[in-house]
Structure formats: structure tokens, C-alpha cells
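Residue-level structural notes
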Amino acid sequence: MATAVQKITLSSSRDIPINKLVLSQSNVRRVKAGVSIEEMAESIARRGLIQSLHVRPVLSADGAETGMFEVPAGGRRYRALELLVKQKRLAKTALVPCVVGDAASGILVDEVSLAENLERAPLHPLDQLRAFQAMRDKGMTEEAIAAAFFVGVNVVKQRLRLTTVSPALLDIYAEDSMTLEQLMAFTVSADHARQEQVWNAIKDGWQKEPYQIRRLLTETTVRATDKRAVFVGVEAYEAAGGIVLRDLFQSDDGGWLQDPALLDRLVAEKLKILADEIAGEGWKWVEAALSFPYGYERGLRKLAGTVVDLTEEERAAREALSKEYGRLEAEYAEADELPDEIDMRLGEIEQALNAFEHRPTIYDPSDIAIAGVFVSLHSDGSLTVDRGYVHPEDERPVEPESDDASETDGETGQPAAPVVQRAVVTIGGQPAEPEDDEDDSIKPLPERLVIELTAHRTLALRNAVAEHPDVAMTLLLHKLVSDTFRRTAPAGCLDARVNHIFFPAQSDELKDCTAAREVAERHERWGDHVPGDDQALWDWLSRLDPGTRLDLLAHCVSFGVNALFERPNPYGSGVSQHGLDVRLAQADRLARATGLDMVAAGWKPTVGNYLGRVTKPRILEAVRDGAGERAAGLIDHLKKGDMAKEAERLLADTGWLPEPLRLVDLDDGRTIEPGTETDAGDDAALPDFLSEDGDDEDADEVEDEDALTIAAE
């Protein structure tokens, strides 16, 4: 027979006048915690009493009800109601919703009070922020939400900021698998995919601190304290459309700039403006960069200018500031800590005195005409201008003494006007070209670009030589025979000591090209077998078969190949013009012998390695040569940046190469041999691609222009 389940009976509820209620002495809450009584009173005044009080009748000595009720559960609410009565915002006889317990119950009042407080589950922070978000979505402002819950507006902003975290991470936080501090760290980025990627990378590791999360989320950004950001200004960056990531939960020193490319462009533009202003002083060149390497001025002569003396007024001002500084220093010498206003004033005086010490320098106009300026950024973002450096090739030649007659114009007979030169301005090592070229003439390729292109060719030649042991043997034998029998022969393109030639300038993509990868892999394979001991190396080489020895010889010889262009130095150091001619001619011969094809070696024109580095006429010439006249006509109206991007697309599969990478066959079959004499006054000293008349007029036109069907808009 089934036993009937006894049903429980809930306490009844009724409205009781507040003047009939008293606080129970058995209420367990003694320590103040959480929301204050004043804040709860304001909440009741705004929203009403959300939760009823639990009360029990007060009995007399003989067990009869007295008409009064004690409050064992809900004491803080009772005190808040009591406060409203004292403030005359609530009537003394106002009815209060109450749940009335049984006075004869065996459950102690203390137990009821304790259970009410222990069984109350605190609100999860995620529920709070979702409630804030719902209220904002329904029209409440952040200020109104803060006022309604008696918290600061910044607290509301912080809670709402947590909603920018990926929903997947919010679910993880809801399951208590992530701390609130970790969740806060994810708010520095709004990229949900990146947030989830970072969490997946660190969740099983031991480095899950909030600072580690912030570091990973901001590793592709730039701190607002970076000298580039200080130089440009965060306001200017934001005005240009840049986004700044900010951390509402801790000090972020101004945040993180999310678009480094935009920042670098703004830095380059501002440096260009400042460099142009300095160029207006008459300098021959101005080189601007974020920073220059150690020893950047080596080999240059520093002009000795004249420091401008202080005027009488400036001397008097400096003397007055020095006296004031000494007086303040003596007056507060015994003080443990300087007052803020005195400390600030001493700093102002120090700054003013330092300005007197750094006086401008005046240079002779004739010296300015042959010298240049380095412009860079200090670590604090301030501009550093270092004037007065002369390159060796710009030094004036020593002229014989002559009369003091001034030069005259051959046609008018009048004194010749001084030549006004335009300064060459470079930003980060690249020529700062105007957006629109002044004319349509084909100007020489920038020297640094030629060096980078020939670095590509040199690396490809090394790889080709290593793959052709027979050519490597001929190359080495040619060098040894030349050194033995032709002692006046120039160095050529191989150092017989296999002195590894490093590249003074190279593009970013060089290290990732096919030739670089193959050379590195080949070197690693050989390195696994080469003994470290000298005698062991001799014995190992002796045991190699002829084919293997030739392969190893080719690999070693290849590291001495040097097909780099460098500026000839007529003053003795470096390579001479004749030596450069021989080097480049031998490099052409080596390319023919190995069958080197720079297109097959993986080089193709891009904005970074060529098209963005040359003038608009050069870009159009490249497209015309590689893709035809029709293709050039499609982009000739574009600005330089857009033109370079479209040209990269149009030339992608054409196999076009710039002049320094082409293998030019001489019409008469001649090559420049070591020891041949050249006329020192020959105007063709520079290669075609560096001369004003260096247009390749004999380049074959691409015949199939109709194959180009994609218009460049």
C-alpha cells in the first residue's frame, strides 16, 4: 500500500503597517556589507519594494500575540524603509508586504535569518553585463544606468565593454573556465577570431596571465608611446581613419594603434614635409629616416660651422634665470620634498637654460651647396636634425690658382648667375618622389634600387653556378690563371679566396626567394658532412669521388660570385669604373654559361621591389614593354600608387625584367675582358640604366597585345 506524501503549507502573506514592525534581535547580519542602507532606500523609492519581508508575530509573556511583528529576514530592507519614514518620504502607517511565519513553529528565528542570507546566490558578473546591455538596447544611456544602480559611469562602460568579447569566450567565462581578469584582457581587441585564436593557443599552457593575453592581441599594433605615434600624434592618426585600441580596465599609456601601415605613411608624409623645409635652406641632399645605424656618418666630412653668439638681451635673460635657479635651490635646500609649483618652475628654468646652450650653427653657402642633412626621430618622438655632411664624391676638386675674374655668360657677357640646385630628399632610404612627376622623361633608376636588383641577380647566379660544376671549375680556373699570368687584371666577379660577399642593400623578399632557399638547403646538406678538424677535412676530401668533389667545389665557389652594382669611387677605395665594367661583363658571361633566367628564378615585378620605387614614366615604360601599348594606355591616368598596383597585376605573367636583371647580348659579340684599356673620359662610364639616355629603345615589343582582356580601372 502506497504511503501518501505529506503536503507542506507555505506561510501566508499580508500587508502590515511599518509602525507595527520591529527589527528582530535574532537577525544574524551584524557586519555591514554590500549595498548601503542609503542606496537601498533610493532603490526602493525608485522601484518599490521588490522583495517582501519575512516576519513573525511578537508574543507576550503568556504567549498571546501583541499586534507587533519582528523582522528576522529582511533587516536591511526594513532599515531602508525606516530611513524613508525619517526622511518623510514614506508614511508611518504605509503598508509593507510581509510573509508571516508561524509564531509557534519549531524552527528558530535565527535559523530563518541565517538561511535567508546563506541561500542567496550572488549575481554572476556575466548576467549583470547582459542586463546592462539589454537596458542600453532599450534606450537607457550609460549615465542613466549608472545612476539607477549607484555606480560610476566608468563601471558601466567597463561592463558593457565586456560584451565586445567573442560569444564563445563569454560562454567559457560563464562556465568558470576563465577568470574575469582574463576576460577583461580580451577587450583590447574587437576581432573575435583573433580572440578565440589567442585563447586556443594559451588555454592549455601555463602562461595565461592577462598581460600575456594583451601582448598577444596587440603584437601587430603600435603603442601610443612609440616614437612614431608621438611624432605624428594620435589625434592626427585617428583623423586619418586610424583605430586606437584602448583598455578600460587598466592604464594603457594611451592605447595601441591598430594600423601600423597608416602610421608609417603619416610618418613618411610628415618627414617629407619637414625634409622639404630643410632642403629649402639650400642643402644638396636631405636624408630622412626613423633612425640611422651606428656609424652612419662614417666616411663623410663634417662641416665646421659658426655657432651664433647670444645677443645682449639673451645673455641678460640667461643670467636672470641662472640667479633665480640658484635662489630657489638654496631656499629649498633643506626641504625633504619640493612643492609642486617650485619643482615645475625649476624644470622650466632648466629647459630654458638648455635652449641657450644649443645655439644654431651658420654654414658657408658654398659649403651648403655640396653638403647634406640627416633627419631622424629621437626616442621620445622629437625631431633630430644633423646638418653639414659632405660625401667624398661631392668634394670640390683642387683648382690651380687663377685671377679673380668672375665667370661670365658666354652669350651675354654678364656675370653668370649662381646655379640653384634642388636638394635630393630621401625618406627611409627611398627617394621622395612627388605624386605627379614634373615631366614625362625617363629618369635614372635610384641607386639603391639597382643595388637591390643586382643582389637578386647575384644570388640567382650563385645558385646557378652551384648547379653547374663545369662552369664553376672554368670560373675558378679563369680567376687563378688571370692572377698568375695577368697580374694587372682587375678582381672581376669572383674572389678566389671565396670571401663570402654580403649585400649592402636588399629587398625584404630576397631572403624568401627560390634561390635563397635552395642555396641555404644545399649549404645545410653539405654542412652535415663536413668534418670540423683540419686533418679530418683533408682526409674526407681525399676520399670523395670526382663528381662529388666537383659539386662541393661548385657550391664553395658560388659564394664568391659578386654581380652587385656599386658606385665607382674615383678616389681609390672601393671599385673603380673599369673594375665595375669588368665585373658586370663577367656576370653576363656567367649567366649565359649557366643558362640563368631571372624569370625562371622566380623574380617578378611588384610594388615593393620595383614599381613603387620608380617614377610614373618608368612604370608606363615597363607596362609598355611587358604588356603592350594598350595596357599602358589603360593606367596612364592613374595616380602613382594606384598605377604601381595595376602595373603589378598587368605584368604578373609577362616575364618582363628591368634593365639590371636583363641579359644583354652585345651586337658585335664583344665582352669586356680583364686587362683591356678604356678611355678614362668615356661618357658611357655608367650603365645604361643609370644614365639619362638609358632608355632601351631596342627592346622588343610584346606582340600579342590583344591577349590583354582585363581593363585596369
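Residues numbered from 1 in each chain as written. Predicted model: local features only at pLDDT ≥ 70, side-chain atom pairs only at ≥ 80, totals over all residues. Heavy atoms only, no water.

Further remarks concern the pairing of strand β14 (residues 383-390). One face of the sheet, then the other: side chains in a regular strand alternate in exactly this way. Relative to β14, strand β10 (residues 301-302) is paired through two bridges, and the arrangement is antiparallel. Directly across from R301, in β14, lies its bridge partner V390. Pairing between strand β13 (residues 372-377) and β14: six bridges, direction antiparallel. Along β14, the bridge assignment pairs L377 with L383. Between β13 and β14, which pair antiparallel and follow one another directly, the connecting turn spans five residues, one of which, G381, has a positive phi of 90°. (Pairing = 2+ DSSP bridges. Helix = DSSP H or I, 4+ residues; strand = E, 2+ residues; numbered from the N terminus.)

Evaluation of the coordinates by the stated rule reveals six aromatic pairs. Ring centres 5.4 Å apart and planes at 65° place the aromatic pair F374 and Y389 in the edge-to-face group. Here F374, found in strand β13, pairs with Y389, found in strand β14; they are 15 residues apart in sequence, far enough to count as distant. Residue classification places Y389 among the buried positions, given a relative accessible area of 8%. Here the aromatic cluster, defined as three or more aromatic residues joined through ring pairs, consists of W285, F292, F374 and Y389. The residue whose ring lies beneath K302 is Y389, and the NZ or CZ to ring-centre distance is 5.2 Å. (Phe/Tyr/Trp six-rings, centres within 6.5 Å; stacked < 30°, edge-to-face > 60°. Buried < 20%, exposed > 50% of the residue type's maximum accessible area, 1.4 Å probe, protein only. Lys NZ or Arg CZ within 6 Å of the ring centre and 35° of its normal.)

The next subject is the sheet that holds strand β7 (residues 244-245). Taking strand neighbours across the sheet as the criterion, the three strands line up as β6-β8-β7 in an open arrangement whose pairing is antiparallel. Strand pairing shows two members of the sheet lacking a second neighbour, β6 (222-223) and β7, which therefore form its edges. With two bridges connecting them, β7 and strand β8 (residues 256-257) associate as antiparallel partners. Paired with L245 across the two strands is W256, which belongs to β8.

Now for the nonpolar core. In terms of nonpolar packing, the biggest core is built from 46 residues, with L461, Y610, V623 and I635 touching the most fellow members. For this core, the elements supplying multiple residues, two or more each, are α17 (447-466), α18 (469-485), α21 (546-558), α22 (577-594), α23 (616-627), α24 (629-635) and α25 (640-650). Apart from residues no more than four positions distant in its own chain, Y610 is found in contact with L445, L449, L453, W603, R618, W656, P658 and E659. With 32 residues, the next largest nonpolar core counts L257, L262, V425 and I427 among its residues. (Core = buried A, V, L, I, M, F, W, Y, C linked by side-chain atoms within 4.5 Å. Contact = heavy atoms within 4.5 Å.)

Our next topic: unusual backbone geometry. One non-glycine residue, K88, lies in the positive phi region at around 60°. Following the sequence through the fold, K88 ends up in the loop between α2 (75-86) and β5 (95-100).

Attention shifts here to the UniProt feature "coiled-coil region" (unreviewed entry) in the protein. Feature annotation in UniProt assigns "coiled-coil region" (unreviewed entry) to the following positions: residues 311-338. Between the end C-alpha atoms of residues 311-338 the distance is 33 Å, and the span holds 71% helix and 0% strand. (UniProt positions renumbered as here; feature names shortened; annotations may be inferred.)

Strand order in this open sheet of five strands is β1-β5-β3-β4-β2, and the pairing throughout is mixed. Every interior strand has two partners, whereas the edge strands, β1 (12-17) and β2 (21-23), have only one. Each strand axis lies, on average, 50° off the axis of its neighbour in the sheet, ignoring direction. As paired elements, β1 and β5 share six bridges and run antiparallel to each other. If you follow R14 over to β5, its bridge partner there is C98. Seen against the sheet, α2 touches β2, β3 (53-59), β4 (65-73) and β5 and runs at an angle of roughly 120° to β2. (Axes fitted to C-alpha atoms, helices over the stretch in contact; angles between N-to-C directions.)

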